[in-house]
Amino acid sequence: MTESRFCVPVLVAIGLLLGCAPHRSAPVPETRSPVYSLDVRLRPTDRAMDVSGTLVLPPDSTQRDSLTLSLSERFSALDVEVLEPSVSRGPAGAVQVNIPNGPRVPGESRSARWVVRPSRPFPRGEPIKLRFSSSGGGDISFLYYVGPEVAFATGWGDEWYPLIRGGKKSLGTGEIAVHVPPGWKVITGAESRSTNEEKQNGTFRFSQDYPTYFTFVAGPYSIVTRDSGSGPAVTAWLLTPRAHSTEFLNGAARMVATLETEFGKLPFGSMALVEVPRAVAQQAGFNAFSPAGFLVLNHRAFDVSDVKNEYEWLGHEMGHQWFPHAVTFDPPGFQYLEEALAEYGGIRVVDALGGTDAVRRLRTSGYEFDPIYSAAAYFRLVGAGVDTPLATMGNGINERNLAYNKGALMFDMLSREVGPARFRAVLQGLTSGRRLGTITWQQFRAAVDAGAGRDMKWFFDQWLNRAGAPDFRLDWQQDGGVVRGTISQSAPYYRAHLRIDAEGVNGERIANVVEVAGGSTAFELTPAFTVVRMELDPDYEVLRWTPEYHALADSVRRNVGSEGGIPRNSR
């Protein structure tokens, strides 16, 4: 799953006047991110934590009588004091204005809105600094839990510290200190500022200089470091020792190196893989999630003796370190764009480390160790009646699965259409030197056109603006030394480069690539043998219907009430 997922400098207020001075119309500059100083005290045996600190909000263009904060319903009280501006200084009333009610879905995140009213209104053009404190229970919620075995929380899930809601306003920089019982360790993905003595005493301090959601995981971890003088720095944070940890970390490092070849240098310099109990993870709504700088994985990820079993899954989760944590997309684009690119990363890992046969199986029926994303999964969605153009799809589980399946395969096809080396250069150019940067879809399209050296509008039009997929038909016959054939399709027509393999009676083979466009495309081959079989797109490099997928979609249509077309997983 995606963590958005999982930005900017202090500005001087312009035209600031207090009291009854006349209002000035001078514009207030673009605001920056909120700045936090968080102090977190975990009480694992009590299944609770106390959160206090300060929050600095950038100047606003209007005077405000109040501001609204968002905080998880697990935090039943919120005390707020205004420190700045001086005209509004003093205790502020914080009133909960919407109290979530009704039965709770397991793992559901529900937040309350708190209206903060200062003694005097917040003037226009001045930053606001608040001091706050609250205490919360540790019951499992979305990406949130505090218990005796482990604790984790992220502002992207259950809002465990006060947030200003609304796009980038939710993302913050600043400092966080987490206090834990003796023997526990803490990871946040931010830069450590603790001394060794502080760590021994259970205090872990971090500085977060890039805007994101504050996240931590804490527990009685042992840290296993990959013993290698070269390659990516990868560590495992384990609750239970594993005899094969070295092999696991070496395999994980190969995966990171593969993604660095595709996407560019790892944005955060290293990667930590952090264990949580599977039962806790699943109740908190995840099998894995990817904050900036590390991955949180259910314990079964560390149990495998051969990391090749997890090439697709871990490749996807690792891919989130680049999308969205290096680059995220401003709209318009399409929903779950970063999910599609992360899954494309999983495809690349399987291709590079598993080989041609493995990646073909991934594309067609799913990577066999956990076969949930593939063309077959996409055509099940088509059979269930939930297919829609990627460019116009909304928000939901079916749409997410469209992005995982069709969206990822679209990028896989784009790579070959542009040329793998050129497409890598495009992606590396977009992510280079970025941490939580943003680009637009138009900028991405322009970079692809420049990398390809031609206009790729036709490609995006057919794969993003249409539902469905092409249904190619191959007809051929041999006349002497010449094989003549056609590749036909029904409207709307797709352009594609399709490989055709010819096989002879004695096992001879010859391959040719045909550029298909329009209803019928003719081709000729001159093999030096008698052809007994012709195969279209043998490695399934183009998403397309086959007789097997027609049968699959028809089966789902007949049973749509029970299947629903939604892929499930067993991780």
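Everything quoted here is computed from the prediction, not taken from an experiment.

Definitions and cut-offs
Residues numbered from 1 in each chain as written. Predicted model: local features only at pLDDT ≥ 70, side-chain atom pairs only at ≥ 80, totals over all residues. Heavy atoms only, no water. Salt bridge = Lys/Arg side-chain N within 4 Å of Asp/Glu carboxyl O. Helix = DSSP H or I, 4+ residues; strand = E, 2+ residues; numbered from the N terminus. Buried < 20%, exposed > 50% of the residue type's maximum accessible area, 1.4 Å probe, protein only. Pairing = 2+ DSSP bridges. Axes fitted to C-alpha atoms, helices over the stretch in contact; angles between N-to-C directions. Core = buried A, V, L, I, M, F, W, Y, C linked by side-chain atoms within 4.5 Å. Contact = heavy atoms within 4.5 Å. Polar contact = N/O pair within 3.5 Å; in protein donor to acceptor, adjacent residues only side chain to side chain. Expected span 1.5 Å × (residues − 1).

Trainee: Quick question: what am I supposed to make of the pattern of salt bridges here?
Mentor: Once their charged atoms are close, side chains differing in charge can pair, the charge on each being opposite to the other. Counted under the stated rule, the structure contains 31 salt bridges. The shortest N-O distance in the salt bridge between Arg242 and Asp303 comes to 2.9 Å. Residue Arg242 is located in the loop between strand E16 (233–238) and helix H2 (245–263), and its partner Asp303 is located in the loop between strand E19 (294–298) and helix H4 (311–319); the two are separated by 61 residues in the primary sequence. Close ionic contact of Lys457 with Asp461 constitutes a salt bridge, the shortest N to O distance being 2.6 Å. With a gap of 4 residues between them, Lys457 and Asp461 both fall in helix H11 (residues 457–464), about one helical turn apart. Judged by its relative accessible area of 43%, Lys457 falls in the partly exposed class.

Trainee: Looking at this structure, I do not really get the sheet that holds strand E25 (residues 509–516). What am I missing?
Mentor: The strands making up a sheet associate through backbone hydrogen bonding, with each pair oriented either parallel or antiparallel. Within the open sheet, the 3 strands sit side by side as E25-E24-E27. Their pairing is antiparallel. Of all the strands in the sheet, just E25 and strand E27 (531–536) have a single pairing partner and so form its edges. For this sheet the average axis-to-axis angle between neighbouring strands, irrespective of direction, equals 25°. Bridge count between strand E24 (residues 496–504) and E25: 8 bridges; the pairing is antiparallel. The residue of E25 that forms the bridge with Ala496 is Val516.

Trainee: Explain the nonpolar core here, please?
Mentor: Note that soluble globular proteins tend to have their nonpolar side chains buried in a common cluster. Formed by 97 residues in total, the largest nonpolar core has its most connected members in Phe411 and Phe444. If we skip the residues at most four places from it in the chain, Phe411 touches Phe334, Leu337, Ala340, Leu341, Tyr344, Phe423, Trp441 and Phe444. Among the nonpolar cores identified, the runner-up in size contains 44 residues, and Leu38, Val40, Trp160 and Tyr213 belong to it.

Trainee: What is the right way to read the side chain of His320 from this model?
Mentor: With respect to the helices and strands, His320 occurs in the loop between H4 and strand E20 (327–330). Looking at His320, the relative accessible area reads 0%, which means it is buried. At 2.8 Å, the side chain of His320 and the backbone oxygen of Phe323 are in polar contact.

Trainee: How should I be thinking about H2 in this particular structure?
Mentor: Because each turn of an α-helix spans 3.6 residues, side chains separated by three or four positions end up pointing in the same direction. Along its 19 residues, H2 runs 26 Å from first to last C-alpha, staying within 8% of the 27 Å computed at 1.5 Å per residue. Listed in full, the buried residues belonging to H2 are Ser245, Phe248, Leu249, Gly251, Ala252, Ala253, Met255, Val256, Thr258, Leu259, Glu262 and Phe263. Considering only its buried residues, H2 is in contact with strand E15 (222–225), E16, strand E17 (270–276), H4, helix H5 (337–354) and helix H9 (420–431). Of the residues trailing H2, Gly264 is marked for its positive phi of about 110°.

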